[in-house]
Amino acid sequence: QVQLVESGGGLVQTGGSLRLSCVFSGSIFSIYDMGWYRQAPGKQRESVATIISGGSANYADSVKGRFTISRDNAKKTVYLQMNSLKPEDTAVYFCNKAYGGFGFWGQGTQVTVSS
């Protein structure tokens, strides 16, 4: 049974940086394309970044050039390095399988960017 545990969120000022981590367990991590998603209060969950099993990445236009997704298959972990954070990046961030998810969501990690 797949489990996802996100961590690394926090409170940061505009322009600051955070690095999120998501530890995967319960299956073969390396075969999955993975993604980071976020949900701001009152808004729908949206895809932020995806990384395929081979390592190529794609980003939402709103974070392109500021966020970097990466993965360590040996550690079964996917990361999201977030730089130049803006107040509009404030949200709960989740990781999941890219393009549809595993059918459940972890607890997420809260990112709050103060102006």
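In this convention, every chain numbers its residues from 1, walking through the sequence in written order. Totals for whole chains, interfaces and linings use every residue, but because this is a predicted model, local features are given only for residues with pLDDT of at least 70 and side-chain atom pairs only at 80 or more, for both listing and counting. Water and hydrogen atoms were dropped before computing side-chain values, which therefore reflect all heavy atoms in the structure.

Two strands qualify as a pair provided that DSSP identifies no fewer than 2 bridges between them. Numbering of helices and strands runs from the N terminus, with a helix taken as a DSSP run of H or I at least four residues long and a strand as a DSSP run of E at least two residues long. Taken together, four strands build an open sheet; the order of strands is β1-β3-β8-β7 and the sheet is antiparallel. Of all strands in the sheet, those with a lone pairing partner are β1 (3–7) and β7 (67–72), marking the two edges. Strand after strand, the sheet turns through a mean of 15 degrees between neighbouring axes, direction not considered. The sheet contact formed by strand β3 (residues 18–25) and strand β8 (residues 77–82) spans six bridges and is antiparallel. Bridge pairing in β8 links Ser21 to Tyr79. Lines fitted to C-alpha atoms define the axes, with helix axes restricted to the stretch in contact, and inter-axis angles between N-to-C directions lie between 0 and 180 degrees.

Right, let's get into the packing of aromatic side chains. Each aromatic pair joins two rings of Phe, Tyr and Trp (for Trp, the six-membered one) with centres within 6.5 Å, and gets the label stacked for planes under 30 degrees apart, edge-to-face for over 60, and tilted for any other angle. Tallied over the full model, the rule gives seven aromatic pairs. Measuring from centroid to centroid gives 5.2 Å for Phe24 and Phe29, while their planes differ by 55 degrees, and the two rings are tilted. Categorising residues by exposure relies on relative accessible area from a 1.4 Å probe, with only protein chains included: less than 20% of the type maximum marks a residue as buried, more than 50% marks it as exposed, and the intermediate range marks it as partly exposed. Phe29 sits in the buried class, given a relative accessible area of 1%. Considering the side-chain rings of Tyr37 and Trp105, the 5.1 Å spacing of their centres and the 85 degrees angle between planes classify their relative orientation as edge-to-face. Here the residue Tyr37 occupies a position in strand β4 (residues 34–39), and Trp105 occupies one in the loop between β9 (91–97) and β10 (109–114), the gap between them amounting to 68 residues. Relative accessible area serves as the criterion here: at 10%, Tyr37 is assigned to the buried category. Of the aromatic side chains, those joined through ring pairs into one cluster are Phe24, Phe29, Tyr32, Phe102 and Phe104.

Further remarks concern the side chain of Arg38. By the element assignment, Arg38 lies in strand β4. Judged by relative accessible area, which is 6%, Arg38 ranks as buried. Nitrogen and oxygen atoms within 3.5 Å of one another constitute a polar contact, given that in protein one can donate a hydrogen and the other can accept it, and given that sequence-neighbouring residues count only through two side-chain atoms. At 3.4 Å, the side chain of Arg38 and the side chain of Ser62 are in polar contact. Among the polar contacts made by the side chain of Arg38, one reaches the side chain of Asp89 at a distance of 2.9 Å.

Turning next to the state of the cysteines. Cysteine sulfur atoms that pair up within 2.5 Å are treated as a disulfide. Using the criterion set out here, one finds one disulfide in the structure. One disulfide bridge connects Cys22 with Cys95, the sulfur atoms lying 1.7 Å from each other. On the criterion of sequence distance, the pair formed by Cys22 in strand β3 and Cys95 in strand β9 is long-range, its members being 73 residues apart. Note on Cys22: relative accessible area 1%, which makes it buried.

In this section: the sheet that holds β4. With respect to topology, six strands assemble into an open sheet ordered β2-β10-β9-β4-β5-β6, the strand pairing being mixed. This sheet does not close on itself; its edge strands, each paired only once, are β2 (10–13) and β6 (57–59). Going across the sheet, the axis of each strand differs from the next one's by a mean of 25 degrees, ignoring polarity. Sheet analysis places β4 next to β9, joined by six bridges and oriented antiparallel. In the strand pairing of β9, Met34 is matched with Lys97.

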